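One letter stands for each residue in the lines below.
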Amino acid sequence: MGRYILQRLTYGLITFFLIATFTFFLMDLLPGSPYQNQEKLTESQIQLLNDRYGLNDPLPVRYATYIGNMLQGDLGVSFRTANRPVTELIMERIGPSAQLGLQALVLGTLVGILLGVVAAIRHNTVIDYGSMFVSVIGISVPSFVFAALLQYYVGVQFKLLPVAFWDSPAHTILPTISLSLGVTASIARFVRTEMLEVTGQDYVTLAKAKGLSGNAIVWKHMVRNAMIPAITILGPLTAALLTGTFVIEKIFAVPGLGELFVTSITLNDYSVIMGTTLFFSAVFILIILMVDLLYGVVDPRIRLGGDN
Amino acid sequence: METILSVRDLEVSFHTYAGTVQAVRGVSFDLKKGETLAIVGESGSGKSVTSKAIMRLIPNPPGEITNGEIMFEGKDLAKLSEKEMLKIRGRDIAMIFQDPMTSLNPTMTIYKQIAEGLKQHQGLTGEDAKKRTLELLTLVGIPNPEARLKQYPHQLSGGMRQRIVIAIALACNPKVLIADEPTTALDVTIQAQILELLKDIQQKTGTAIIFITHDLGVVANMADRVAVMYAGRLVEKGTVDEVFYEPRHPYTWGLLGSMPRPTDDRNEALPAIPGTPPNLLDPPKGDAFAPRNPYAMKIDFEKEPPMFQVSDTHFASSWLLHPQAPAVTPPRAIRELALKYRPDSAFAKSFTKGGAE
């Protein structure tokens, strides 16, 4: 088990390094440079700043310097916000993003399982069709549409919840719901299919033959087995959540990482682009690893290593 | 002996897109305390459906018990509510399934799967449940039971898993045990072990067993009485000796005749029953076996035969038993069996007296 995790972490590091390299060179292709559009700066001032931050060095030199600093935990300083270190900026913004992402993932997964299970139990009834209708909408309509609709109806028309900003738990409700709908929909469809598959299994008949009630059979015997394939999509779903937060944070004016990331691209703030990209990559790599470990928790057959 | 389970005129249908499949068409039998009744027949004859109907495990839809009663301790199981059935399943009537590789939940430990029934029916938890589980594992011959408790099904072999399935069935000392082809998925040496185990358990616990199988060798080894099923009906029932040595129904003759024997001439083809079973979407008029029956008479195609009583315990549903039916000579294999083991029976005399062959 420990060996497996170590191996996966090594692969993760390689992936991480490759992402860093690609992003660095791709970023160089972005039109413009950090200080190009500053109207108040003279030509010589810009030259001075570029020299100061090593922006005039050839690309390979800049790359080597960046990787060297990165290995020491230094992600550079922002070219914009008063020379503040990128790590500090990320730490400052990570709270709302992490909370939003986590809330959306948990809510989406739980509601998705519930919808999927109920649809499967009431197979071919109005409840089944209803929940599948909801999930088709959840998959096909982008989250920012829900965000705008929720803002308008719940926030503006009925004034039930705040329309934007990130001040209290109530403020987190609408962004969380908008972000979680996609997750809910995907999980619901997956779980429903798997539940129907599991219904015909011999061990479900055996559980029935033991005299267990319908609820005990569903929750103790069926759901866990139906969850095994559903876990597979948790990885891609998390990736979708990460990118989804960019949009949702913008719409709800959440002071999170996504907002920082998007702004940094429009402003050519190289070190912030790099820093946030690397941070998202690291989070994603770790989540994929966690999902793979989760398999073993749910399904004893793929528990790894010599704990036989 | 006292009758514990009595099935009368049981009919089970499945509603499919193609139409209604009449899988079981009027089956009646009694199960006595402590005996083993074997139900034999080929695939699709309705033997599994009959056993599932007793447990009320027929999925509805598409399945439905359309007629008949299943009397158990004064209650008609066919008419009990699902809630009342929960108290009977696993406690009074338990079931062993065919394929041990798929009938255990892969995500649950052995202990949990056995203890579940104990908790449900006897309220046993904690140390009590553990003690009883260990007892059960010992009873079904699992070595080192303590170590098995925390294991998962995939860590055990097929034979071991079937023992676990049997332990689950025995958990609450059922009065009736239904074994639905319990050895079909196992290899021959393990088959023998499991059969021995079932016999042993029956002796220790006195439970009555309904043994569903298509393996006549297993029947001879296990059963007290045999019921032969064909196309959703019982065609012959009697004690093992009666059905093996004095069979009266041409279908039983076909089944017994197609069993290889060590004395067979190797150059001769093994006899087989020609044709295929009828489509139960539209069961034939008359005797369902008639189209495959070399002994079929005109009436077989027109009218279904009633159950004729051959002896106190022996019944067969064939027009050949009608007083007006002509005397026929059964196939050679059947004659040889009868002459060897029951030379004095009325059956053996029926074809020796005429001096045939």
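Here the residue numbers are simple positions, counted from 1 along each chain's written sequence. Chains and ligands are labelled sequentially in the order written, the chains with letters from A and the ligands with numbers from 1. A pLDDT threshold of at least 70 governs which residues receive local features in this predicted model, and a stricter bar of 80 or more applies before side-chain atom pairs are shown or counted, although totals over entire chains, interfaces and linings include all residues. Neither water nor hydrogens contribute to the side-chain values; these are computed over all heavy atoms in the structure.

**As for the interface of chain B and chain A**
Taken together, the contact pairs 26 residues of chain B with 20 residues of chain A. Here the buried area means the combined drop in accessible surface, using a 1.4 Å probe, for two parts upon being joined, counting both sides. For the pair chain B and chain A, the summed buried surface comes to about 2100 Å²; carbon and sulfur atoms form 59% of the total. The largest per-residue losses of area from chain B upon contact with chain A belong to P106(B), T107(B) and E116(B), which jointly make up 25% of the total buried on that side. Between Lys or Arg on one side and Asp or Glu on the other, a salt bridge is scored when a side-chain nitrogen of the former is within 4 Å of a carboxyl oxygen of the latter. Applying the counting rule to chain B against chain A returns one salt bridge. Among the ionic pairs, K210(A) bridges to E116(B), the shortest N-O distance being 2.6 Å. Contact between two residues is taken to exist if any of their heavy atoms lie within 4.5 Å; hydrogens are not considered.

**Things to note about the sheet that holds strand β4 (residues 63–72) of chain B**
Strand pairing in a sheet is mediated by backbone hydrogen bonds. Such pairs are either parallel or antiparallel. Residue and element names in this part refer to chain B. Overall, antiparallel pairing links the four strands, which are arranged β2-β1-β4-β5 in an open sheet. If you trace the sheet from one side to the other, it starts and ends with β2 (19–32) and β5 (75–76), each paired once. Two strands are counted as paired when DSSP detects at least two bridges linking them. What counts as a helix is a DSSP run of H or I of at least four residues, what counts as a strand is a run of E of at least two, and both are numbered from the N terminus. Here 11 bridges tie strand β1 (residues 3–16) to β2, and the two strands are oriented antiparallel to one another. Residue H15 lies in a different strand from β2, and its bridge partner there is T20. Where helix α1 (residues 47–54) meets the sheet, it contacts β1, β2 and β4, and its direction lies at approximately 115° from that of β1. Structural elements are reduced to axes, namely lines fitted to C-alpha atoms, with helices fitted over the stretch in contact, and the angle between N-to-C directions of any two is expressed from 0 to 180 degrees.

**A short note on the nonpolar core**
To qualify as a nonpolar core, a set must consist of buried Ala, Val, Leu, Ile, Met, Phe, Trp, Tyr and Cys residues joined through side-chain atoms within 4.5 Å. Accessible area is worked out with a 1.4 Å probe on protein chains only. A residue is then buried under 20% of its type maximum, exposed over 50%, and partly exposed in between. One finds I54(B) and I210(B) to be the most contacted residues of the largest nonpolar core, which totals 111 residues. The leading source of residues in this core is helix α6 (residues 158–170) of chain B, at eight residues. One finds V154(A), I187(A), A226(A) and Y295(A) within the second-largest nonpolar core, a separate group that totals 41 residues.

**Some words on the environment of P31(A)**
Note on placement: P31(A) falls in the loop between α1 (2–28) and α2 (43–52). Remark: the alpha-carbon pair of P31(A) and N268(A), spanning 237 residues in sequence, is separated by 8.4 Å.

**What about the packing of helix α3 (residues 110–122) of chain B against helix α4 (residues 126–139) of chain B?**
Residues and elements named next belong to chain B. In contact at an axis separation of 10 Å, α3 and α4 are set at 110° when each is read in the N-to-C sense. As judged from the angle between their axes, α3 and α4 are roughly perpendicular. Helix-helix and strand crossings are classified by hand; for α3 and α4 the assignment is right-handed. Residue-level inspection shows Y111, I114, A115 and L118 of α3 in contact with α4, the latter providing G126, A129, K130, R132, T133, L136 and L137. In this classification, Asp, Glu, Lys and Arg are treated as charged, Ala, Val, Leu, Ile, Met, Phe, Trp, Tyr, Cys and Pro as nonpolar, and every other residue, Gly included, as polar. Taken together, the residues that form the contact of α3 with α4 break down as seven nonpolar, two polar and two charged. In these notes the angle categories are as follows: under 35 degrees is roughly parallel, over 145 is roughly antiparallel, 65 to 115 is roughly perpendicular, and the rest is oblique. When the near helix sits turned anticlockwise from the far one by under a right angle, the crossing is termed left-handed; a clockwise turn instead gives a right-handed crossing.

**Some details on the sheet that holds strand β9 (residues 225–230) of chain B**
Residues and elements named next belong to chain B. With mixed pairing, eight strands are arranged side by side in an open sheet as β6-β7-β8-β3-β9-β10-β12-β11. Unpaired on one side and paired on the other, β6 (93–96) and β11 (308–309) mark the two borders of the sheet. As paired elements, strand β7 (residues 176–180) and strand β8 (residues 208–213) share five bridges and run parallel to each other. Bridge pairing in β8 places L177 opposite I209.

**Considering the packing of aromatic side chains**
Residues and elements named next belong to chain B. A pair of Phe, Tyr and Trp rings is counted when the ring centres sit within 6.5 Å of each other, with Trp represented by its six-membered ring. The angle between the planes then sorts it: under 30 degrees is stacked, over 60 is edge-to-face, the rest tilted. Under the criterion given, the structure shown has 18 aromatic pairs over all chains. Taking 4.5 Å as the distance between ring centres and 50° as the angle between the ring planes, the aromatic pair formed by Y230 and Y251 counts as tilted. Taken as a pair, Y230 in strand β9 and Y251 in helix α10 (residues 250–257) lie far apart in primary sequence, 21 residues in all. Each member of the pair, Y230 as well as Y251, is classed as buried. Relative to Y295, the ring of W253 has its centre 5.1 Å away and its plane inclined at 80°; by these criteria the two rings are edge-to-face. A residue pair is termed long-range when its members are at least 10 positions apart, and W253 in helix α10 and Y295 in the loop between α10 and β11 qualify at 42 residues. Considered together, W253 and Y295 belong to a single accessibility category, that of buried residues.

**Looking at the packing of α4(B) against α6(B)**
Residue and element names in this part refer to chain B. Between α4 and α6, the least distance of the axes is 9 Å, while the angle of their chain directions is 130°. Regarding the angle of α4 to α6, the classification is oblique. With respect to the hand of their crossing, α4 and α6 are arranged in right-handed fashion. In contact with R132, L136, L137 and L139 of α4, α6 contributes I164, A167 and L170. Of the residues belonging to the contact of α4 with α6, the class tally is six nonpolar, no polar and one charged.

**Topic: the pattern of salt bridges**
Residue and element names in this part refer to chain B. Inspection of every chain in the model, using the stated rule, returns 28 salt bridges over all chains. Where R261 meets E336, a salt bridge forms, and the shortest distance between an N and an O atom there is 3.3 Å. Note that R261 is positioned in the loop between α10 and β11 and E336 in helix α11 (residues 332–341), a separation of 75 residues in sequence. On the accessibility criterion, R261 (23% relative accessible area) is partly exposed. For E336, a relative accessible area of 34% translates into the label partly exposed. A salt bridge links E336 to R332, with the shortest nitrogen-to-oxygen separation between them at 3.1 Å. Here the residue E336 and the residue R332 both occupy positions in helix α11, the gap between them amounting to four residues, near one helical turn. You can call R332 partly exposed: its relative accessible area is 45%.

**Notes on α4(B)**
All names here are of chain B. Helix length check: α4, at 14 residues, gives a terminal C-alpha distance of 20 Å against a target of 20 Å (1.5 Å per residue), a fit within 8%. Turning to α4, its buried residues number three or more, namely A129, R132, T133, L134, L136 and L137. Packed against the buried residues of α4 are α3, α5 (145–148) and α6. Backbone geometry just downstream of α4 places G141 in the positive-phi region, at approximately 75°. How far a helix is expected to stretch is found by multiplying one less than its residue total by 1.5 Å.

**Description of unusual backbone geometry**
The backbone phi angle of N124(A) is positive, close to 60°, even though this residue is not glycine. As for its position among the elements, N124(A) is in the loop between α4 (86–121) and α5 (126–140). A relative accessible area of 49% places N124(A) in the partly exposed class. A positive phi is found at E181(B), a non-glycine position, where the angle reads about 45°.

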